[in-house]
Amino acid sequence: MAIVPNGPVLALRGISKRFGAVQALTDIHLEVHAGEVVALVGDNGAGKSTLVKSIAGVGPADEGVIEWQGRPVQVTRPHDAQELGIATVYQDLALCDNIDVVGNLFLGREILRAGVLDEVEMERRSRELLQTLSIRIPSVRIPIASLSGGQRQTVAIARSMLGEPKLVILDEPTAALGVEQTAQVLDLVERLRDRGLAVILISHNMADVKAVADRVAVLRLGRNNGTFDVKTTSQEEIISAITGATDNAVTRRKARSGEVAK
Ligand SMILES: Nc1ncnc2c1ncn2[C@@H]1O[C@H](COP(=O)(O)OP(=O)(O)OP(=O)(O)O)[C@@H](O)[C@H]1O
Ligand SMILES: [Mg+2]
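Note that the structure is predicted; figures quoted are calculated from it, not measured.

Participant: I'd like a rundown of the pattern of salt bridges, residues and numbers included.
Facilitator: When charged atoms on two side chains of opposite charge get close, those side chains can pair. Applying the stated criterion across every chain, the model contains 14 salt bridges. Its salt-bridge partner being Arg 13, residue Glu 31 comes within 3.0 Å of it at the nearest N-O pair. Of this pair, Glu 31 sits in strand E2 (residues 22–32) while Arg 13 sits in strand E1 (residues 10–19), placing them 18 residues apart in sequence. Here Arg 141 ties to Glu 123 by a salt bridge, and the two come within 2.7 Å at their closest N and O atoms.

Participant: Now, about the sheet that holds strand E3 (residues 37–41): what can you tell me, with residues and values included?
Facilitator: Ordered in space as E6-E9-E10-E3-E11-E12, the six strands form an open sheet in which the pairing is mixed. The open sheet is flanked by strand E6 (86–89) and strand E12 (223–229), the only strands paired with a single partner. Here the average twist between neighbouring strands, direction ignored, is 20°. Pairing of E3 with strand E10 (residues 198–202), which is carried by four bridges, proceeds in the parallel orientation. Looking across to E10, one finds that Val 37 is bridged to Val 199. The sheet contacts of helix H8 (residues 235–243) involve E3, strand E11 (215–220) and E12, and relative to E11 the element is tilted by about 25°.

Participant: Could you give an account of the environment of Leu 95, with specific residues and numbers?
Facilitator: By the element assignment, Leu 95 lies in the loop between E6 and helix H3 (101–105). On the basis of relative accessibility, which here comes to 16%, the residue Leu 95 falls in the buried class. C-alpha of Leu 95 to C-alpha of Ile 238: the two residues are 143 residues apart in sequence and 33 Å apart in space. Excluding residues that lie within four positions of it along the chain, Leu 95 makes contacts with Asn 104, Ile 144, Arg 152, Ala 156 and Arg 159.

What counts and what doesn't
Residues numbered from 1 in each chain as written. Chains lettered and ligands numbered in written order. Predicted model: local features only at pLDDT ≥ 70, side-chain atom pairs only at ≥ 80, totals over all residues. Heavy atoms only, no water. Salt bridge = Lys/Arg side-chain N within 4 Å of Asp/Glu carboxyl O. Helix = DSSP H or I, 4+ residues; strand = E, 2+ residues; numbered from the N terminus. Pairing = 2+ DSSP bridges. Axes fitted to C-alpha atoms, helices over the stretch in contact; angles between N-to-C directions. Contact = heavy atoms within 4.5 Å. Buried < 20%, exposed > 50% of the residue type's maximum accessible area, 1.4 Å probe, protein only.

Set out below in structure tokens:
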């Protein structure tokens, strides 16, 4: 297995996906490196969720190659993605409101001891996990329902860490959050990056993108419409790529140069 030093953890090469008459994705390329946050942005219907589903094994692509640490892999089921080390936190979070934080963290991966739930061990590991990620919540034994939106989001992200992934995909993690809660979640994203994880962050919020992403990949009508270095790109440029103002400008320029050509 050829692991390219400093190569991308994940590389998408020519991903296409069609739903009946709708060509949702056309020839998408994307690379994500360890210790990097890549924001995936684009208007409603641009294909962001469809792309994430293809990486997560929820809705495999029709065409194209997914490379993981430099080698092509098949990701046809969610299990394949998990095995590789790809964790996805969906917008609806899939947390259970009426059970506590420990129960939610270990939902579906409960620790058993002599055939019964080992609550003590799960609680210990929960505290340890939250502490490692500097997540502060009132108690690990309160129901999810009594946490704020931001706290819930951090719990959902913490849960995705239990499988020790190398890549975490966050679908609109701050969409429903206030200022303070958003800051909490963005801080956590930074900590994930600092721990060497690769992060794909789907967001409609340019302030979030500017605050936390290293690069931003723009999708427009199911196609790549530019990848930008966040530090050196203005918000306006990114928005232009999202809305298509850029390609209009290019088209206009081409049209103009055509007019002046002898
Ligand atoms: N299961 C499906 N069946 C048919 N068409 C679909 C399906 N899922 C997505 N699409 C279509 O594919 C295109 C891309 O949708 P997708 O959900 O990936 O967009 P998005 O970028 O995530 O948008 P949003 O910002 O609104 O979440 C849209 O035209 C959508 O209608
Ligand atoms: Mg979506």
